[in-house]
Structure formats: C-alpha cells, structure tokens
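As a plain string of letters, each chain reads:
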Amino acid sequence: SQQGEEDPQALSIQEGENATMNCSYKTSINNLQWYRQNSGRGLVHLILIRSNEREKHSGRLRVTLDTSKKSSSLLITASRAADTASYFCATGLGGGYQKVTFGTGTKLQVIP
Amino acid sequence: DVKVTQSSRYLVKRTGEKVFLECVQDMDHENMFWYRQDPGLGLRLIYFSYDVKMKEKGDIPEGYSVSREKKERFSLILESASTNQTSMYLCASSKRDTLTYEQYFGPGTRLTVT
C-alpha cells in the first residue's frame, strides 16, 4: 500500500504566490524526500529531510517534518510559471540499500 | 552530470509479446530501481537491485522479471505483455550511501499494450 498521501491532489495559483503541499505517511521513517516531475518526464530530487530534523531550506523551498503527526509539508515561495509540475514525497527507512515509497503526488499549476 | 537513459520513450506492443525495457546509468551507482507510474497511484516499485546479479521484489513484481548482468545496466522484462501493463515505466539509480539517498531518474518509457 502507498506510504505517502499528498494533499491537495491539484493546486492552481498565480505567479508570485506561495504554494504549499502536504504529505502524510503511515509508519515510522528515517528520512523523507521531495521530488518534482515535469509533464511526462522523469523525477528530479529537490530536498531531503531526516527524521531528526524539523525544517530545511533550499533556495525558494522550505520543507518541514513532524514525525509525531507523520506529516511533511513543502512550501515553494514566490512561485514561477516554471514551477508548474507534479510534486511527490518519498519516504525511506535509511541504510545503504534504501528503497523509498512514493506518494500519489500534487499537481501544481502556476498561472503567469 | 548523472545520466540515466532508457532504451525507448514510447513503445507499442501486442498482448502476449515479450517486452524488454533497458536502463543504463553512467555514474557507477550500486542501486537501481524500476517503477511504474499510473494516474492517481503515483510511482510503485516493481523491482530493485543493489548489486550485479542481485534483485529484490518491490511492491508489484507480478508479471515482471529483471536482469542485472552489469553494474550500469538494469533490464525490466515483461514475459507476456498484457493490457493492464500499459503504463509509464521509470528507471532510477542511487549510490549506496547514507548521505543523500537521492535517486536519479531516466526520462521514462511510455508502454502501450494493445
């Protein structure tokens, strides 16, 4: 069964606004990643947060992790049309042989 | 630049055919993965491999097999294609370390089985 569920499934905002998407998962994890997928292409890694971290930043991205609620959020600030894509969270248990479980994704549309 | 390539972007096969999907990575990664992606279901892991000739079943291995004879190449095989295997197939690779866990993806193969 899917580990991660994302919310909302789809989001449409104006350029310059902030976009927030959420990921909830069911069991304990070691780390959580966020990926972006442009239409019909492969996924690109955005950011990783470990279970002992609460918040991480990378450029216009801010990720939070609340292990007590088993949830994470991805905030994209000052969105651009080029941010239009699907965003997926992926949870992992750690270790060198780690495999991850992907969520169902949030489809973000940024209107110029 | 890490590069993961897949043999075809689009593929059309008939029911019952044997189908080979090839994936090659050029970064000496130990781990390789095959996923399928369907609308509303996200990515689901079919098989993964953490070393040459090693393979582990993922969440949905039924109807698929894999082969990893060389470190850089990981093949997905549909022994007898069926219409419910129509999907986007994504290959990925990652290093065996605990620093980044980042997976690098190929562009995907959109397979249609008629």
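Check the entry above for the structure.
To keep things clear, this report deals only with the structure shown in the data block. Remember, predicted model here, so these are calculated numbers, not experimental data.

Quick look at the environment of B:Tyr64 now. Residue and element names in this part refer to chain B. Position of Tyr-64 relative to the elements: it lies in strand β7 (residues 64-70). Distance in space between the C-alpha atoms of Tyr-64 and Thr-98 is 29 Å, their sequence separation being 34 residues. The residues contacting Tyr-64, other than those within four sequence positions of it, are Arg-36, Ile-46, Tyr-47, Leu-76, Ile-77, Leu-78, Gln-85 and Tyr-89. Polar side-chain contacts of Tyr-64 include one of 2.9 Å to the side chain of Arg-36.

Core analysis: the largest hydrophobic core is formed by 21 residues, its most contacted members being A:Met21, A:Leu32, A:Trp34, A:Leu74, A:Ile76, A:Tyr87 and A:Leu108. Elements with a minimum of two residues in this core: β3 (19-25), β4 (31-37), β5 (43-50), β7 (61-66), β8 (71-76), β9 (85-92) and β11 (106-111) of chain A. It is β3(A) that contributes the most residues to this core, four residues altogether. Residue contacts for A:Ile76: discarding those within four places in its chain leaves A:Glu17, A:Asn18, A:Ala19, A:Met21, A:Arg60, A:Leu61, A:Asp83, A:Tyr87 and A:Leu108. With 20 residues, the next largest nonpolar core counts B:Leu11, B:Ile46, B:Val66 and B:Cys91 among its residues.

Before going further, it helps to examine the sheet that holds β7(B). Residue and element names in this part refer to chain B. Read from one edge to the other, the open sheet built from four strands follows the order β1-β3-β8-β7, with strand pairing classed as antiparallel. Where the open sheet ends on each side, the last strands, each with one partner, are β1 (4-6) and β7. Adjacent strand axes in the sheet meet at a mean angle of 20°, parallel and antiparallel pairs treated alike. Direction of pairing for β1 relative to strand β3 (residues 19-25): antiparallel, over a ladder of three bridges. Across the sheet, residue Thr-5 finds its bridge partner in β3, namely Val-24.

What follows covers the state of the cysteines. Residue and element names in this part refer to chain B. Enumeration according to the criterion identifies two disulfides over all chains in this entry. Residue pairing for Cys-23: its cysteine sulfur links by disulfide to Cys-91, the two sulfurs lying 1.8 Å apart. Between Cys-23 and Cys-91 the disulfide shows an S-S torsion of about -75°. By sign, it is left-handed. With Cys-23 in strand β3 and Cys-91 in strand β9 (residues 87-94), the pair connects residues that are 68 residues apart, well separated along the chain. Judged by relative accessible area, Cys-23 falls into the buried class, the value being 0%.

The next subject is the interface of chain B and chain A. Listed per partner, the contact involves 27 residues of chain B and 24 residues of chain A. A combined buried area of about 2100 Å² lies between chain B and chain A, and 52% of that area is made up of carbon and sulfur atoms. Of all residues in chain B, B:Leu43, B:Tyr101 and B:Phe105 bury the most surface against chain A, accounting for 28% of the area lost on that side. Our count for the chain B to chain A interface comes out at zero salt bridges. Counting the contacts that link chain B with chain A gives four residue pairs in polar contact (both at pLDDT 80 or more). Of all the secondary structure elements, the ones that give two or more residues to the side of chain B that touches chain A are β4 (31-38), β5 (42-49) and β9 of chain B. Considered class by class, the residues forming the side of chain B that touches chain A number 13 nonpolar, eight polar and six charged.

Residue and element names in this part refer to chain A. In terms of burial, β8 is a largely internal element, five of the six residues being buried. In this sheet, β8 lies alongside β3 in antiparallel orientation, the contact comprising six bridges. The residue of β8 that forms the bridge with Ala-19 is Ile-76. Both β7 and β8 contribute to a ladder of six bridges, which runs antiparallel. Looking across to β8, one finds that Leu-65 is bridged to Ser-72. What sits between the antiparallel neighbours β7 and β8 is a turn of four residues, in which Lys-70 has the positive phi angle 50°.

Criteria and thresholds
- Residues numbered from 1 in each chain as written.
- Chains lettered and ligands numbered in written order.
- Predicted model: local features only at pLDDT ≥ 70, side-chain atom pairs only at ≥ 80, totals over all residues.
- Heavy atoms only, no water.
- Helix = DSSP H or I, 4+ residues; strand = E, 2+ residues; numbered from the N terminus.
- Contact = heavy atoms within 4.5 Å.
- Polar contact = N/O pair within 3.5 Å; in protein donor to acceptor, adjacent residues only side chain to side chain.
- Core = buried A, V, L, I, M, F, W, Y, C linked by side-chain atoms within 4.5 Å.
- Buried < 20%, exposed > 50% of the residue type's maximum accessible area, 1.4 Å probe, protein only.
- Pairing = 2+ DSSP bridges.
- Axes fitted to C-alpha atoms, helices over the stretch in contact; angles between N-to-C directions.
- Disulfide = S-S within 2.5 Å.
- Buried area = accessible area lost by both parts, 1.4 Å probe.
- Salt bridge = Lys/Arg side-chain N within 4 Å of Asp/Glu carboxyl O.
- Nonpolar A, V, L, I, M, F, W, Y, C, P; charged D, E, K, R; others polar.

Note that all results are geometric; they support no functional claim without further evidence.
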